[in-house]
Each structure stands twice: as C-alpha cells, then as structure tokens.
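Architecture and fold: a report
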Amino acid sequence: MSDLRRLRPLLLKRGPLLLPALLLCALPFYLDAFWLRIGLFSMAAAIGAVGLGLLSGTAGQLSLGHAFFLAVGAYGYVWLAGEPGPGLPPAVALVLAVLLAGAAGGLFSPVAGRVKGVYLGVATLALVFLGHHVLLTADSVTGGFNGRSVPPLELGGLTFAETGPALTVLGVPFGAEERLWYLGLALFAVTWFTARGLLRGRPGRALVALRDSETAASVMGVHVARYRSAAFVVSSMYAGLAGVLLALSFRRVVPDYFSLALSVDYLAMIVIGGLGSVAGATAGAVFVTALPLLMTRYADQLPLVATPGSGGGSIGPTEASRYLYGAAIVVILLYAPDGLHGLARRTRARLRRRPPVTGPPGTGPSPGAAHAGPATTATTATTARAKEHTP
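I will try to describe carefully the structure that is included in this document.

Definitions and limits used
Residues numbered from 1 in each chain as written. Predicted model: local features only at pLDDT ≥ 70, side-chain atom pairs only at ≥ 80, totals over all residues. Heavy atoms only, no water. Helix = DSSP H or I, 4+ residues; strand = E, 2+ residues; numbered from the N terminus. Buried < 20%, exposed > 50% of the residue type's maximum accessible area, 1.4 Å probe, protein only. Areas by Shrake-Rupley, 256 points an atom, 1.4 Å probe, with all protein chains shown as cover. Patch = residues over 30% accessible without salt bridge, like charges linked within 9 Å, V, L, I, M, F, W, Y side chains within 5 Å. Salt bridge = Lys/Arg side-chain N within 4 Å of Asp/Glu carboxyl O. Axes fitted to C-alpha atoms, helices over the stretch in contact; angles between N-to-C directions. Parallel < 35°, antiparallel > 145°, perpendicular 65-115°, else oblique. Left-handed = near helix turned anticlockwise from the far one by under 90°. Contact = heavy atoms within 4.5 Å. Nonpolar A, V, L, I, M, F, W, Y, C, P; charged D, E, K, R; others polar. Phe/Tyr/Trp six-rings, centres within 6.5 Å; stacked < 30°, edge-to-face > 60°. Lys NZ or Arg CZ within 6 Å of the ring centre and 35° of its normal.

**Digging into the overall build of the protein chain**
For the protein chain, the count of helices and strands is 15 helices and six strands. With 391 residues in all, the protein chain has 41% of them scored as buried. Accessible surface for the protein chain amounts to roughly 21,000 Å². Of this, 68% is attributable to carbon and sulfur atoms.

Here it is in structure tokens:
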C-alpha cells in the first residue's frame, strides 16, 4: 500500500505523457508505410524545430541558416559511415555527425556572440548559400548534384533498412519504416527531455533574461557572449541530429533539399507552434511537415489543387501548402502571438475556470433545500457532477 501511495504522485505527474507515448508506440502495428513516413519526417522536423526554438524563441537570436546545420548532420553521417569515407560503424557515425554539426555551430559562434537581430539573420543566410555551393562542388564527399545514398543504421545486430533480416512482431512485418519509427521516437524523446530540462534549469533562465534585456542579464551575472554562443552550438547539434534522421528516412540525400526554403519552413514551424516552447515547436513541425504530404496524396480530391506533374500553370500541392501555412502565420501573429501552444494553454485555463452547471438558467434551489437531509444533499451533488461531464 505504501508503494502505491508513493507511485501515485509520479503517475499523476507523468500520466499526461504516458498515454501519448503508449499510443505512439502502438501506431506501427496499425498504420501503413505512407503514414509512418509522415510520422518519421515530422519527428525529424520536430527535433530540428526544438533546436531552432531554443535559439530564436528562448535566446532571441534570428537564424536563417538552420538548413546548413541539417545538411552538416546528414552529409556528415553519410560520409563517416559510407564509402568513400572512413566507413565507421553507423552508430559511431551518428554521434560524430551530431558533434560535427555542433562544431560547425561552434566555429560560427564568435559571430553569433557579437551580432544580433537582422544582422545575425543575414550572416546565417550566408551559411545556406555557402553550404549549398560546397555540397554541389565537393563531389568526392557529397556526390555532387545527384547526392549520395545513405548507409543503413545498425544497432545491436538490428538493421534499420529493408535489406536487413526479416522481422515480425505480433504477426506484423516490421520493415524499414516500422524500425525507423522507434528510432525516431527514441531520438525525439531524448530531444524532448533534454530541451525541457535545459529550459527549466539555470541555462534556460539565463537565455530568457538574455532575450529580454542583455543589459539586465549582464548585471545579473550572465556572460552574454558565452551564452549566445552556447545557444548556437546546442541548436546546431539538434539540427545535426534532425539531419541524420532525415537522411535515414529519405535513404538518399541531395543538395537541393537543404536550401533556403527549408530554413524558412523551420521558422514557420516555431512561429506557428509558439516561440520558446518545446511542445509548440513540435506541433508546428507536425503541421508544416504533414500538410504538403497530405495535400500531395489527396490532391485529386481537393478543390483548386492540381495533381503533381499536371502542369498548365495550376497550383500544385507544395505551393498550396505553403500558401496555407503562410496564411496560418498571419492569423497566428494577429490573434495568437504565442502560437498554438499558448492557444492551448489559454483554452485549458478557461476550461478550469468554467463554473459548474447546476441546472437550467433561472432555476434556483427548492424551498426545502436548506432543510434537506444528508441523503438529499448527496443526491444533489451527484447530479451536479454528472451534468459537468462532457464526452
């Protein structure tokens, strides 16, 4: 009994996260490959969006070069684990690719520590164009315009690819998408808990103070340049991890994917979801990533949207999805500046403050209610609770 009493507060605290986690773990048993790919791309985007949220939403540093660090992570893994390249074990290559992205952010951190605002955005924009040029010209490492195939990840004898040994779990064949799903869940869980711990700890408070006022932060003992540089390095490492997961999901990397449009997509994710929020960055990443894929699949059933390759100057699914989440950004900025996360938080607060429904308007307690006995009072309370329930 005492053990149950000790577990109860923990269950109440972790319960809201436990149910979605169990649901996500069960989805590969019921969804086909298309929906699993959407989930994989969304998880990879969420990891990168969390990193950009820490940099832009929490530390207040504008960055348009997030695509560059995703490319460093993706191509770093491909080169470290593939041929030509060192041919390292894929698990080691994954860790080194994340560290390589962090090192790239560290090399740029002196600029990030001294430049801010629009000037930092322009400086990071140069990274995208420089990185794209390197990806096209360094053929021996990147494969040039055609890119390179991605070596499959292997952990403990389990290969995250279709070429590995056949695997069946509870009668369901587990191919590459099902296996990568659980890898993506594990990486996203690490991102979620480390980012939330960072925001709730002393570094997070220092970054928030730095965003609000550099002068006040320095007076409180925050080393401005050091913390701004550290935020850039951490954000770059998250982007590198997202790039590795994207590479494993796509199975081939090409330079044109890591363009300025990708950086703009990530900015849209954190604005729509809510700046400075891990949950908001995740929600925005799912929205921006899943929308074009869904519109591509159901283009023939949507009005004013043409199927891919139909031509004739019509609006394709990709362009239509960009218009839609562009309009979503405008609506968010006008009516909910704190994004979807803030909107959800205010909705929960209103539901908690909602008064209980005790009866139709204009009806009051019966004349004998004040003299009612305990049994009558209990019956009335039970009836009131039943009316509060909403399915």
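**Structural notes on the environment of Arg-114**
Note that Arg-114 resides in helix 4 (residues 90-114). You can call Arg-114 exposed: its relative accessible area is 70%. Distance from Arg-114 to Val-224, taken between C-alpha atoms, is 9.1 Å for residues 110 residues apart in sequence.

**Observations concerning a nonpolar patch on the surface**
Taken together, Val-92, Val-95, Leu-96 and Leu-99 make up a surface patch of nonpolar side chains, about 310 Å² in accessible area. On the secondary structure map, Leu-99 appears in helix 4. Classification of Leu-99 by relative accessible area gives partly exposed; the value is 45%.

**Some thoughts on the packing of helix 2 (residues 33-58) against helix 7 (residues 176-200)**
Close contact between helix 2 and helix 7 brings their axes to 9 Å; oriented N to C, the two are set at 20°. When the axis of helix 2 is compared with that of helix 7, the two are roughly parallel. Between helix 2 and helix 7 lies a crossing whose hand is left-handed. Judged by residue contacts, Ala-33, Trp-35, Leu-36, Arg-37, Gly-39, Leu-40, Met-43, Ala-46, Ile-47, Val-50, Leu-54 and Thr-58 of helix 2 engage Glu-177, Glu-178, Leu-180, Trp-181, Gly-184, Leu-185, Leu-187, Phe-188, Thr-191, Ala-195, Leu-198 and Leu-199 from helix 7. Residues belonging to the contact of helix 2 with helix 7 are distributed by class as follows: 17 nonpolar, four polar and three charged.

**Looking at the packing of aromatic side chains**
Per the stated rule, a full pass over the model turns up nine aromatic pairs. Taking NZ or CZ as reference, Arg-297 lies 4.2 Å from the ring centre of Phe-34, over its face.

**Details of the pattern of salt bridges**
Scanning all chains against the criterion turns up seven salt bridges. For Asp-265, the salt bridge is made with Arg-322, and the minimal N-O distance between the two is 3.0 Å. Remark: Arg-322 occurs in helix 13 (residues 317-335) and Asp-265 occurs in helix 11 (residues 260-273); sequence separation between them is 57 residues. Here the residues in one salt-bridge network are Arg-37, Glu-177 and Arg-251, joined through shared partners.

Functional significance is not addressed by these values, which are geometric in nature.
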